[in-house]
Amino acid sequence: MSLAESFARDGHVLVRDISPREQIAEYRPVIERVVKTMRDEKQGRIDDYSKLFTQVTNIWRLDDAAKQIVLNPHFARVAAELLGVPSVRLYHDQALFKLAGAARTPWHQDRYYWPLDTDRTVTMWLPLIDVDEEMGPMIFASGSHHATGLGDLMISDQTDRRLAKIIADRGWKLWTQPVRAGDATFHAGGTLHSAGANRSNRTREILTVIYFAIGTRVAEPANDHQRVDLEVFIPGAKPGDEAKSELNAILC
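The paragraphs below set out a description of the structure included in this document. These numbers come from a predicted model, not from an experiment. (Residues numbered from 1 in each chain as written. Predicted model: local features only at pLDDT ≥ 70, side-chain atom pairs only at ≥ 80, totals over all residues. Heavy atoms only, no water.)

What about the environment of Leu 116?
The line we're drawing: Counting from the N terminus, the helices are DSSP H or I runs at least four residues long and the strands are E runs at least two residues long. Contacts were defined at the residue level, with two residues in contact if any of their heavy atoms lie within 4.5 Å.
On the secondary structure map, Leu 116 appears in the loop between β4 (105–108) and β5 (121–127). Spatially, the C-alpha atoms of Leu 116 and Pro 239 are 9.0 Å apart, while their sequence positions differ by 123 residues. If we skip the residues at most four places from it in the chain, Leu 116 touches Tyr 91, Thr 121, Phe 212, Thr 216, Arg 217, Ala 219, Ile 234 and Ala 243.

Comments concerning the sheet that holds strand β8 (residues 184–188)
Filter applied, for reference: Strand pairing requires that DSSP identify at least two bridges connecting the strands. Between N-to-C directions, angles span 0 to 180 degrees; the directions come from axes that are lines fitted to C-alpha atoms, helices contributing only their stretch in contact.
Spatially, β1-β8-β5-β10-β3-β2 is the arrangement adopted by the 6 strands of the open sheet, whose pairing is antiparallel. Whereas interior strands pair on both sides, the edge strands pair on one side only; in this sheet they are β1 (12–15) and β2 (54–57). Each neighbouring strand pair of the sheet contributes to a mean axis angle of 20 degrees, computed without reference to strand direction. Here β5 pairs with β8 via 4 bridges, running antiparallel.

A short note on the packing of aromatic side chains
Put simply, the rule reads: Two aromatic rings from Phe, Tyr or Trp, using only the six-membered ring of Trp, form a pair when their centres are within 6.5 Å; if the ring planes differ by under 30 degrees the pair is stacked, by over 60 it is edge-to-face, and anything between is tilted. Burial classes follow relative accessibility: with a 1.4 Å probe on protein chains only, a residue under 20% of its type's maximum area counts as buried, one over 50% as exposed, and anything between as partly exposed.
Counting across every chain of the model gives 5 aromatic pairs. Between Tyr 91 and Trp 114, the aromatic rings sit 5.7 Å apart at their centres with planes inclined by 65 degrees, giving edge-to-face as the arrangement. Taken as a pair, Tyr 91 in strand β3 (residues 88–98) and Trp 114 in the loop between β4 and β5 lie far apart in primary sequence, 23 residues in all. Judged by relative accessible area, which is 5%, Trp 114 ranks as buried.

Section: the pairing of strand β6 (residues 138–141)
Of the two faces of β6, the one lined by Met 138 and Phe 140 and the one lined by Ile 139 and Ala 141 are each fully buried. Across 3 bridges, β6 lies against strand β9 (residues 193–195) in antiparallel orientation. Bridge pairing in β9 links Met 138 to Ala 195. Pairing between β6 and strand β7 (residues 174–175): 2 bridges, direction antiparallel. Bridging across to β7, Ala 141 finds its partner in Leu 174.

Thoughts on the side chain of Ser 142
Here is the rule we go by: Counted as a polar contact is a pair of N or O atoms within 3.5 Å, where, for protein atoms, one must be capable of donating a hydrogen and the other of accepting one, and residues adjacent in sequence contribute only when both atoms are in side chains.
Assignment of secondary structure puts Ser 142 in the loop between β6 and α5 (157–170). With relative accessibility at 16%, the residue Ser 142 sits in the buried group. One polar contact links Ser 142 to His 12, side chain to side chain, over a distance of 2.7 Å. With sequence-adjacent residues up to four places away left out, Ser 142 is seen in contact with Asp 10, His 12, Trp 172, Lys 173 and Trp 175.

Structure (structure tokens):
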């Protein structure tokens, strides 16, 4: 089975050796520098995940070297192949650094936050260091991207408990395993996912990049999170418009 077929079936896939480890070693100080500089700045969104992560959004706008990493056409081509589309645009990136001792990331679904009228969305989760079980790798509920009737999906302890029960009731298998620097996971916008607590004594350093199919239209925002995301990540666009702005470069 191809990676694209696995992705279509499960809503997630692990891509081994997406980038040489030596290249990731060069990326790491670039991204660390941006995170260190911006870690106390507001990120322009409603939620505060400071207890879970040191989070910096759209690092590509903050540093020329970071821009080359985020806009890497090879990463984008993999995303387009998985989505089965000829080309993808950038939605946004995030550096997510989970400090030692930080708690588990609650179950959630990304597309709840996105004002995009498509299911052709995917997030790349690129570790900058080896992420073992103790450090808290990703956990995916395989097949959950096809689900309906999940109710309110805002990240919260209540939603976490409810989604955990839904996952158990519907019998979705959980996928999780260590991921090396140089590998990446990709997951669909509708895939329910979580990540373990960081029980190590090191910071878990991750770059995420979100892609969507070219030609996607802006959806009517269904909640306040989507309204804010529309203003921040697709500025100037309105519901029904093509989802594009100066921030949404065509990457492949």
